[in-house]
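# Analysis of the macromolecular model
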Amino acid sequence: MDDLYRRLPPTGFAPRAGELHAEGVPLSAIAAAVGTPVYVYSAARLRERVRALKAAVGPLGVAVHFAMKSNANQAVLALMAAEGIGADIVSGGEMARALAAGMAPRHVVFSGVGKTAAEIAAALDAGLHQINVESFEELRLVDEIAGAKGRVADVALRVNPDVDAETHAKITTGKKDNKFGIDASTLGRLDNEVKALPHVRVVGLAMHIGSQIMTPAPFLTAYGRVAALAEELRRKGYPLTRLDLGGGFGIPYENELEFSFADLADAIRATVHGRGFDLSIEPGRSLVADAGILLARTIFVKDAGGMHFLVLDAAMNDLVRPAMYEAHHDIVPVRIPAPAAPTVEYDIVGPICESSDTFAKRRRLPALAAGDLVAIATAGAYGATMSSTYNARPLAPEVLVDGTRWATVRRRVEVAEQIGWDQVPDWIGPAKPGQRAAE
Ligand code: LLP
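Calculation criteria
- Residues numbered from 1 in each chain as written.
- Predicted model: local features only at pLDDT ≥ 70, side-chain atom pairs only at ≥ 80, totals over all residues.
- Heavy atoms only, no water.
- Near = heavy atom within 4 Å.
- Polar contact = N/O pair within 3.5 Å; in protein donor to acceptor, adjacent residues only side chain to side chain.
- Nonpolar A, V, L, I, M, F, W, Y, C, P; charged D, E, K, R; others polar.
- Domains from an automatic or database assignment.
- Buried < 20%, exposed > 50% of the residue type's maximum accessible area, 1.4 Å probe, protein only.
- Helix = DSSP H or I, 4+ residues; strand = E, 2+ residues; numbered from the N terminus.
- Contact = heavy atoms within 4.5 Å.
- Core = buried A, V, L, I, M, F, W, Y, C linked by side-chain atoms within 4.5 Å.
- Pairing = 2+ DSSP bridges.
- Right-handed = clockwise from strand over helix to strand, strands pointing away.
- Buried area = accessible area lost by both parts, 1.4 Å probe.
- Salt bridge = Lys/Arg side-chain N within 4 Å of Asp/Glu carboxyl O.
- Phe/Tyr/Trp six-rings, centres within 6.5 Å; stacked < 30°, edge-to-face > 60°.
- Lys NZ or Arg CZ within 6 Å of the ring centre and 35° of its normal.
- Axes fitted to C-alpha atoms, helices over the stretch in contact; angles between N-to-C directions.
- Parallel < 35°, antiparallel > 145°, perpendicular 65-115°, else oblique.
- Left-handed = near helix turned anticlockwise from the far one by under 90°.
- Expected span 1.5 Å × (residues − 1).

Taken together, 18 residues form the shell around the ligand, and within it Ser-211, Glu-282, Arg-321, Tyr-325 and Tyr-382 come nearest. At 2.6 Å, a side-chain N or O of Tyr-382 approaches an oxygen atom of the ligand. Tallied by class, residues from the shell around the ligand come to six nonpolar, six polar and six charged. Split by domain, the shell around the ligand shows at least three residues from each of two domains, domain 1 (2–42 + 289–420) and domain 2 (43–288).

Those residues of helix α5 (residues 117–126) that sit buried are Glu-119, Ile-120, Ala-121, Ala-123 and Leu-124. The inward-facing, buried residues of α5 contact α4 (92–100), β7 (108–110), β8 (130–133), α6 (136–148) and β9 (153–160).

Take the side chain of Asp-347 next. The topology assignment puts Asp-347 in strand β17 (residues 343–349). If we skip the residues at most four places from it in the chain, Asp-347 touches Met-307, His-308, Phe-309, Leu-310, Ala-360, Lys-361 and Arg-362.

Before going further, it helps to spend a moment on the nonpolar core. Note that soluble globular proteins tend to have their nonpolar side chains buried in a common cluster. By size, the foremost hydrophobic cluster in this structure holds 129 residues, and its most contacted members are Val-40 and Ile-268. Take this core: its biggest share by element is eight residues, from helix α9 (residues 216–235). For this core, the two domains that each supply at least three residues are domain 1 (2–42 + 289–420) and domain 2 (43–288). Beyond its immediate sequence surroundings of up to four residues, Ile-268 is in contact with Val-57, Leu-60, Val-62, Tyr-223, Leu-245, His-273, Leu-279 and Ile-281.

Another point: the pairing of strand β5 (residues 62–67). The buried fraction of β5 is high, at five of six residues. Sheet analysis places β5 next to strand β13 (residues 278–281), joined by three bridges and oriented parallel. Bridge pairing in β13 places Val-64 opposite Ile-281. Direction of pairing for β5 relative to strand β6 (residues 86–89): parallel, over a ladder of three bridges. Paired with His-65 across the two strands is Gly-86, which belongs to β6. In this region the chain leaves β5, passes through helix α3 (residues 74–82) and returns to the parallel neighbour β6; the handedness of that crossover is right-handed.

The subject of this paragraph is the domain arrangement of the protein. Segmentation of the protein into domains returns domain 1 (2–42 + 289–420) and domain 2 (43–288). Across the boundary between the two partners, domain 1 contributes 31 residues, which contact 27 residues of domain 2. The largest per-residue losses of area from domain 1 upon contact with domain 2 belong to Arg-7, His-328 and Tyr-382, which jointly make up 23% of the total buried on that side. Two residues, Arg-45 and Asp-290, come together in a salt bridge whose shortest N-O distance is 2.7 Å. Our count for the contact surface shared by domain 1 and domain 2 stands at 22 residue pairs in polar contact (both at pLDDT 80 or more). Of all the secondary structure elements, the ones that give two or more residues to the side of domain 1 that touches domain 2 are β4 (38–42), α12 (321–325), β20 (398–402) and β21 (405–410). Ranked by residues supplied to the side of domain 1 that touches domain 2, first place goes to β20 with four residues. Of the residues belonging to the side of domain 1 that touches domain 2, the class tally is 11 nonpolar, 10 polar and 10 charged.

Below, the discussion takes up the sheet that holds strand β1 (residues 13–16). Read across the sheet, three strands follow the order β1-β2-β3 without closing on themselves; strand pairing throughout is antiparallel. Across the chains shown, the open sheet's two edge strands, defined by having one partner strand only, are β1 and β3 (25–26). Inspection of the sheet shows strand β2 (residues 19–22) paired to β3 by two bridges, in the antiparallel sense. Looking across to β3, one finds that Ala-22 is bridged to Val-25.

Attention now moves to the packing of aromatic side chains. Counted according to the given criterion, the structure contains five aromatic pairs. Their ring planes at 25 degrees and their centres at 6.3 Å tell us that Tyr-39 and Tyr-41 sit as a pair that is stacked. In this structure Tyr-39 comes out as buried when scored by relative accessible area, which is 0%. With 5.3 Å between their ring centres and 50 degrees between their planes, Phe-219 and Phe-249 make a pair best called tilted. One end of the pair, Phe-219, is in helix α9; the other, Phe-249, is in the loop between β12 (242–244) and α10 (261–271), with 30 residues separating them in the sequence. Each member of the aromatic cluster is reached from another via a ring pair, and the members are Phe-219, Tyr-223, Phe-249 and Phe-259. One residue, Arg-234, lies across the ring of Phe-277, its end atom 4.0 Å from the ring centre.

For any two helices packed against each other, one specifies the inter-axial angle together with the distance between the axes. Where helix α2 (residues 43–57) contacts α3, the two axes come as close as 10 Å, and the packing angle between them is 40 degrees. Compared by their axis directions, α2 and α3 come out oblique. Between α2 and α3 lies a crossing whose hand is right-handed. Contacts between α2 and α3 involve Ala-43, Leu-46, Arg-47 and Val-50 from the first element and Val-76, Leu-79 and Met-80 from the second. Residue composition of the contact of α2 with α3, by class: six nonpolar, no polar and one charged.

The next thing to look at is α6. Spanning 13 residues, α6 covers 18 Å between terminal C-alpha atoms, matching the ideal 18 Å at 1.5 Å per step. Where α6 is concerned, the buried positions are Phe-136, Glu-138, Leu-139, Val-142, Asp-143, Ile-145 and Ala-146. Note on α6: the residue one or two positions beyond its end, Gly-150, has a positive phi of about 65 degrees.

Written as structure tokens, this is what we have:
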């Protein structure tokens, strides 16, 4: 077989001494202690990615705000804060998580197309660096709320540069027909209206055209358009000093060529650098995706109708990306197979009652047996944060490994605890043992 483990970054996950390790810790030890399915993150790989990004864009004066929708675990956020980067948030909940993890409010920007009045008020009270406003309706609301507090809010307008990011339709955001941002012509038309709002100060423009973008071209076009627009607005008297370039930097999941942080720095240098703006970016996936795996155990190997199903104890509720976006994730055995081990073509599935609960179709792997552990690779981004309790399943725990140390950084949220989240009103009454529904 090709190199089975090639998608795993050696700093984080490496096969050695018979089995795959997370840094210095054998994955079987984590499975034995915490159970499966479990997310496992490598602190060394997280730090390596953050440092590589800072080394590439730091010299250009670019500030980094981690898009924490990709991974919002408190320990991951605390690590990011310790590495000196801030956060990009999209809800009051994410604000609470970022601040609880020790992020400084002045390093937090608030994006998102539908912020509520309560969220805007909380952001102003907390003293966040900037609110990225996505519509004139929202701008008026920020003005009103800031006015009631006797304040002037610093905002960036998220513009829609109308660029095709050439990525999956569900994660593209920078085309005119997306719900995101304000298009350039509307911005020109509403000039006087914006200037008439006394409690907002438009200090910048923001953009984000989509996620998992693998080539420089869409960024070059979008950054160029946003910089030109910002300069035009400056000529019209706006005190624009900031450009927030968004995130979207793709990473290889399968055989894609890398869009490296050096490529990103080149795109910034070629378009927006040196034009008198304070620059920032909002990467999510590219910092965390390959620093995490989802560790699962094989429940059954089911041979039926000429098909071989590997039924795992992880499911689409734990990692929804394959079901939702047809996303590819490499799946590898934890026990290193012998070089000439026989291989089998598997459909790799979870136990949920939907055909979409499929991690991979027709995937050739060394033969596996019930009880064997597998690692679903590149699961550190949009894995745990998109998980749910569908089919009354526990929420998978998260483990952070750092050298030979490791810790559970989110415990498994068991169903007994979830039952406590619900309440049965008096007038329904508690279910009586033995009572049948039809009575
Ligand atoms: N900034 C804004 C305003 C965003 O909407 C996003 C992602 C980011 C930054 C970070 O993008 P990244 O660097 O991670 O590509 N759940 C999907 C991805 C959705 C991305 C949504 N917005 C997935 O699993 O592929």
